[in-house]
Each structure stands twice: as C-alpha cells, then as structure tokens.
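Fold and geometry: a report
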Amino acid sequence: MTKQITSFSDYQKTYKDSVKNPEKFWAAQARTFTWRKKWDEVLSWDFETPDIQWYKGGQLNITENCLDRHLKRRGNQTALIWEPNDPSQPHKSYTYRELYEAVCQCANALKANGIKKGDRVCFYMPMVPELTIGVLACARIGAVHSVVFAGFSASALADRIKDSSCKMVICSDYNQRGAKNIPVKDVVDKAIAKKCKSVETVLVHQNTGGKVKMKKGRDKWWHDEVSRRRKNCDAVTMDAEDMLFILYTSGSTGKPKGVVHTCGGYMVYTCFTFKNVFQYQRGDVYWCTADIGWITGHSYIIYGPLLAGATTIMFEGVPTYPDAGRFWHVCEKHRVNQFYTAPTAIRALMAMGDHWPSHYDLSSLKTLGSVGEPINEEAWNWYDQHIGKGKAPIVDTWWQTETGGIMISPLPGMHALKPSYAMYPLPGVQPCLVTAEGKEIKTKEAEGLLCIKFPWPAMIRTTYGDHERCKQVYFSTFEGMYFTGDGARRDKDGSYRIIGRVDDVINVSGHRIGTAEVENAINEHDSVIESAVVGYPHEIKGQGIYAYIINDRGVDDVAAFKKEIHKVVTKVIGPIAKPDLIQVVSGLPKTRSGKIMRRILRKIASGQADSIGDVSTLLNPEVVKEIEDQQKLAK
Ligand code: PRX
C-alpha cells in the first residue's frame, strides 16, 4: 500500500528520508503497484537538457493499476459517481467492475477504429462518465489522450488538434451547463474544418439527444461503436517513460503548449499525493469539482482516486444551478467526505449568503481542499466556518499542470493551519526561493521566486513537439532548477505562501490565461492597432482581465466596442478569456526598445498609479498620465 502519513512527526521523518535518499523513497512507493517489468533505475536526470526519467526500464499499464488491481477486493465497490447537471435527473454509479468493463469496451472500439499505441486522441466533452471512460480506454491501449476544456472555441480546439496531430476526436452532441445547452459537436465540426487533416474519426457520444450533423465515413456514434464490444481488453504494456497524456496550458508567450506526462512517475505520484493530502480512508466518498479539461481533473478526479481504490464523484453542472445550494446539496446527498474546489467558487458562493450551506447536512465532510489560485483569508474563513464548521481542515494545495500533482500542501489534522498558506512541501518535493539573479535565498524567512531543485516523479517531461520550448520556459531561467513562474514567501517555520504569477500569465477564476494570447485575439478585430492585457484584483475571480486597446477609428461607445471585442476573443479563445474591463487609449507606455511596460499598466489597472515611480526614461512618458486620467472611462 502507498504510504499514508499519520502525524506531523511522521511527515517530518518521511520528508527527511525522501530528500536524503529520493531513489529509495520513490522506489518504495512504486513497489506497491502492479508492474509488468520492474525498473532498472529509479531516477536518471539532467535539468539542463532537460532529460528526466523515472523508473527507467519499468513496464506497466496505468489502467491495470486503476482498475484490474482492485477487482478482486473491491470489484463491487463504487468507483465513480456521476452527478448530472439537472438535479431532478438520477445520478449514475459505476462499481470498479462496471468501470473496468466500460473502459474495456471503449478500448476495443478505439482499436476497431484504428487507434494504436502512441496515437493521439483529442477529447472535447462535457463532464459525463464517457469522458473518464474514454480517457482510461486510451491509456489502456497506449493511445495518448489530449483533453481540451469544452469551453474553448473552435479555433482554439483546432490549434490543439493540429499541434499534436490527433487521429480521433471524441465529443458529445451537446453540453448542458446550468441552463445553457452548448452545441459541442458543431464546434468540433468547425474546428476540423480549419484544416485538421490528421482527424480520421469523430466519435460522438449522445448526451442530450439533440440534433447534430454526422459526416459520412468520419463521424460515428459512441453507442454504435462501443456498446457491442467485448467487456475485456488486454492492457498494452507501456514503458514507464512512454507518454500518457498531453494537456495544453498557457504561458507568457506564444500559443498554449502541450505539457507531456508519462506513465510510471505520474502514476506513483498522483496516488501518493491523493492519499496523503486528502487522507483518504477506505469507504470515503471524495469529490473534486474541477473539470477534467484541466490538470486537477486528470490527477484528482480520475487517476489519483482510482489508483487509490477510492470512490470519486464527477459533477456535470455548475455551483449555482439550479441555485447556490447545489454543491452543498451534492455533499449531503452523497455523504461526501473530502471536498476539493477552487477559491473562485467559494468566493462566488460566499457572496450569495450564509443561508445556502446552512440548509444542508455537511457533517460528513472531513477534509476541504482548495486549488488553482491563492485563497484570500476571508474566503478561507468562510469555507472553514460555514462548510467545514470549524472541524474539517482546509488543504490549500499548490501545484501546476506541469507538476502533474500537488507539491505544497498542508496535511490535514497534523498541524495548525494558516489561512492563505499552502504550508509544507510534500515528501520528495524540494522547493527553494531564489532572487531575480538566480541566487538561492537560504534564510528561513524569505520572499522570492519559487523554484524546485530536484525532480519529482510526475514532473513535466517535455512540451509536445518542441522540447526546446520546455527547456527555455522551465529550465533556463535559473540554472539547475525548474522555475514555476510563481513568487512565494517562506515563514520561519518553513511554511510557504504563494503570492502568484510573476510572469505574463493571469489567473482568472483559477483558469490560467496568457496575456499574449488575449492580446493576439483582440488584435484580430479589424479596427484594433495594438493592445496590452494585464490582470487586476477581482473580488470573485481572483484576477480580472484588463485590456488597453488602441483603435484606429476612435471609439464613441465603449460598451458597444467591448461587445465586439468579446465576440472576437470568444471566437479565437473562448468566453473564459473575455476582458472584464476595456480602456481605449491613444498609446501604450513603451521602453525605448519598443517593449510594452506592462508593469505600469498593471499598477494603473490595480488602482496603484501613485506607486508607478519614474517614467521619464520611457519612449512616450506622456501617455502614462493620459491613461491614468482616462481610467474612469474603462468599461
Ligand atoms: O499561480 C499558481 C496557481 O495556478 C498556477 C498553475 O495553474 P494550472 O497549471 O492551470 O494548474 C492549476 C491547478 C493545479 C500556479 O502557477 N496556483 C495553483 N494552486 C495555487 C495557486 N496559487 C496559489 N495557491 C494555490 N494553492
């Protein structure tokens, strides 16, 4: 069994051991899984190249560990509970055996449609059980899944399909979210029409039964293809370092990059962190509200919980439909023991009033989790008092798409908590703070740029199709270290507080958005000459998107212009990237070499114009005053 830490002193000892002898520590964790061939070497690494290999020579299949391994002892235990968008509809449950059979059927269907080991399969689906089943079916036959959040536009989907030349797209007919009915298949058609030549098959899951167009020879129904297949399917043998999945995420420059995770290390790490951070006990019901389109859903709805033999909930809906009590209703209904969500949801629900949670029995909750962005103290306290009733510790978990699993987190019930602190590095994680010049700050109490100086099993291996980019973005800023892009503070007791991104990435409602991407989208509007996008503090979303735009025709009606900008951003990226505020400007502050000074724009957007400092060295200092004066015109 994967080690489960039971006390703070146990943590301290485990941590010490894991740093002193990482290979020994991670070999012990790996031994608890089913391997078809044992590894020859636990770890070989070089951060310069980068070349990181865990469990080299080892062979396995992750689904054998998620499913087959549990059949004997917990074949009849519930593996997955699916809670639909509409609460008047029944929920669905799958035991481990049922999930195993469903995955095997789908895996056989994928094979029958020509999908082989190494092929990429794109998912563009709502939160329905078939998404989990499809993802695991890929892993079972060694196909690489690339799940794209179903809120992205056709154009963003096309970019992702093309970047990894996916052979198949799996989608639904429609997506029901709250009161909305989103035409998913239609978006897929539009995406493929953008020269996605690699796509041979589109497998369509009938979700709502709404009308869709099916292209002969290319489009097939899930129910025709999957249901008639055999309920067992041999798992393909994978090398520990074979690719398991690609997940696209935004950076400070260029297009989103495909973060690559591999089989062995990801398996060991997600299971270990799941069991320890949530202190999952046999029989518990665990619910993570994330979407599988993001890393949180991959690691802590699907893989971590299933590897640990847990019961995991998948939720199709939104926190406020049909009303602001929905989360708490689901917690009561399924007697949820561990609940994991994002601060933005907590803030939104907090704003709806304390009476919502008070209607429900939340006594089953043992641990509460937070992820994706810093949680402010007010939201932390509300979560603690109104949801956990002061009895369920909050684990504020810091990690990233690239880290694959949770890196810094409290261990529930084992030490005192500090609101807004992610607290301690998990065993095997060696964080450090460095100065802008790359010097490690050794004092206990410190503030700096957060780096990780030793590999951990679930770390990013490459960015798909562009290894150099992986090297440049993560391993070149500071020699010999993985750079997270976050700033952090460390207290004298060694606990960490994440401050937020220090690069041009903004975190809107826990969604990571590159400012360059939004600017590129805005610039597609035919009257836009140039734009600059920054983040600013937003009460509910954490950060909002503020766009400064130069328009060649001048703008009389900013509200109408904003609508046009929203339209173009929605088309290029998706509604999640729509600017919250738009300010039309005559120029953007630039250095003499022509670089936009986003630092100044960030200050103005955050209402801190008085701390901008000297601007006299700018190419166009006069524009700063003008932007400041006209800020009130922003809409
Ligand atoms: O800035 C950090 C923030 O989210 C970024 C990673 O985003 P993404 O790859 O989309 O993954 C989100 C879910 C793991 C980080 O660089 N972040 C994540 N968790 C926290 C956080 N910021 C503060 N506190 C956290 N607990």
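In this report, the structure presented in the accompanying data block is examined. (Residues numbered from 1 in each chain as written. Predicted model: local features only at pLDDT ≥ 70, side-chain atom pairs only at ≥ 80, totals over all residues. Heavy atoms only, no water.)

1. Section: the pairing of strand β11 (residues 201-205)
With five of its five residues buried, β11 lies for the most part within the structure. By the alternation rule, side chains of β11 split into Thr201, Leu203 and His205 and Val202 and Val204, which are all buried. Looking at chain direction, strand β8 (residues 168-172) and β11 are connected through five bridges and run parallel. Bridging across to β11, Ser172 finds its partner in His205. Both β11 and strand β12 (residues 219-221) contribute to a ladder of three bridges, which runs parallel. Across the sheet, the residue bridging to Val204 is Trp221, located in β12. (Buried < 20%, exposed > 50% of the residue type's maximum accessible area, 1.4 Å probe, protein only. Helix = DSSP H or I, 4+ residues; strand = E, 2+ residues; numbered from the N terminus. Pairing = 2+ DSSP bridges.)

2. Structural notes on the pairing of strand β14 (residues 243-249)
Most of β14 sits out of view: six of its seven residues are buried. For strand β7 (residues 144-147) and β14, the ladder comprises two bridges, and the chain directions are parallel. Residue pairing across strands places Ser146 opposite Ile246, the latter belonging to β14. Both β14 and strand β15 (residues 257-262) contribute to a ladder of six bridges, which runs antiparallel. Bridge pairing in β15 places Leu247 opposite Val259.

3. Here's the deal with the packing of helix α12 (residues 343-351) against helix α14 (residues 377-387)
Think of two packed helices as two axes; the pair is described by the angle between the axes and how far apart they sit. It is at 10 Å that the axes of α12 and α14 come closest, and there the two elements cross at 75°. Taken together, the axes of α12 and α14 lie roughly perpendicular to each other. Along the contact surface, α12 presents Ile346, Arg347, Leu349 and Met350, while α14 presents Glu378, Ala379, Trp382 and Tyr383. Along the lines of polarity and charge, the residues of the contact of α12 with α14 split into six nonpolar, no polar and two charged. (Axes fitted to C-alpha atoms, helices over the stretch in contact; angles between N-to-C directions. Parallel < 35°, antiparallel > 145°, perpendicular 65-115°, else oblique. Contact = heavy atoms within 4.5 Å. Nonpolar A, V, L, I, M, F, W, Y, C, P; charged D, E, K, R; others polar.)

4. Quick look at the nonpolar core
With 121 residues, the main nonpolar core has Trp35, Tyr55, Leu99, Leu110 and Tyr303 as its most contacted residues. At 10 residues, helix α4 (residues 96-112) tops the list of elements feeding residues into this core. Ignoring anything within four residues of it in the chain, the contact list for Tyr303 reads Ile62, Cys66, Val135, Leu136, Ala139, His145, Leu244, Tyr266, Thr270 and His298. With 45 residues, the next largest nonpolar core counts Val148, Val508, Ile549 and Val558 among its residues. (Core = buried A, V, L, I, M, F, W, Y, C linked by side-chain atoms within 4.5 Å.)

5. Re the environment of Cys196
With respect to the helices, strands and loops of the structure, Cys196 is situated in the loop between α7 (184-192) and β11. Residue Cys196 is classed as buried on the basis of its relative accessible area of 4%. For the pair Cys196 and Arg160, spaced 36 residues apart in sequence, the C-alpha separation works out to 9.6 Å. Residue contacts for Cys196: discarding those within four places in its chain leaves Ala158, Ile161, Lys162 and Ala191.

6. Considering the sheet that holds strand β25 (residues 496-501)
Overall, antiparallel pairing links the four strands, which are arranged β21-β22-β24-β25 in an open sheet. Strands at the two margins of the open sheet, each flanked by one partner only, are β21 (431-434) and β25. On average, each strand axis in the sheet is inclined to that of its neighbour by 45°, with strand direction left out of account. One ladder, built from six bridges, connects strand β22 (residues 446-452) with strand β24 (residues 482-490); its direction is antiparallel. In the sheet register, Ile452 faces β24, and the bridge partner there is Tyr482.

7. Re the site of the ligand
In the neighbourhood of the ligand, 17 residues make up the surrounding shell, with Asp396, Thr397, Thr401, Asp486 and Arg512 lying closest. Asp396 is positioned with one of its side-chain polar atoms (N or O) 2.8 Å from a nitrogen atom of the ligand. Contact between the ligand and Thr401: an oxygen atom at 2.6 Å from a side-chain N or O atom of the residue. The protein chains hide 95% of the 540 Å² of surface that the ligand would expose on its own. Counting only elements with at least two residues in the shell around the ligand, the list comes to α10 (295-307), β20 (394-397) and β25. Residues of the shell around the ligand, tallied by class, amount to six nonpolar, six polar and five charged. (Near = heavy atom within 4 Å. Polar contact = N/O pair within 3.5 Å; in protein donor to acceptor, adjacent residues only side chain to side chain. Areas by Shrake-Rupley, 256 points an atom, 1.4 Å probe, with all protein chains shown as cover.)

8. Overview of the environment of Ile408
Residue position: Ile408 is located in the loop between β20 and β21. Along the chain, Ile408 and Leu618 lie 210 residues apart, while their C-alpha atoms are 40 Å from each other. Beyond its immediate chain neighbours, meaning those up to four positions away, Ile408 contacts Asp396, Thr397, Trp398, Ala422, Met423, Tyr424, Pro425, Pro431, Leu450 and Tyr496.

9. Some words on the pattern of salt bridges
A side chain with one charge may pair with a side chain of the opposite charge, provided their charged atoms come close. Under the criterion given, the structure shown has 35 salt bridges. Its salt-bridge partner being Lys255, residue Asp159 comes within 3.7 Å of it at the nearest N-O pair. You can see Asp159 sitting in helix α6 (residues 154-163) and its partner Lys255 sitting in the loop between β14 and β15, a full 96 residues away along the chain. For Asp159, a relative accessible area of 29% translates into the label partly exposed. Residue classification places Lys255 among the exposed residues on the basis of a relative accessible area of 53%. For Lys190, the salt bridge is made with Asp186, and the minimal N-O distance between the two is 2.9 Å. Remark: Asp186 and Lys190 occur in helix α7; sequence separation between them is four residues, near one turn of the helix. The exposure class of Lys190 is partly exposed, given its relative accessible area of 47%. A cluster of three or more residues bridged by salt bridges with shared partners is formed by Lys185, Asp189, Arg218 and Asp219. (Salt bridge = Lys/Arg side-chain N within 4 Å of Asp/Glu carboxyl O.)

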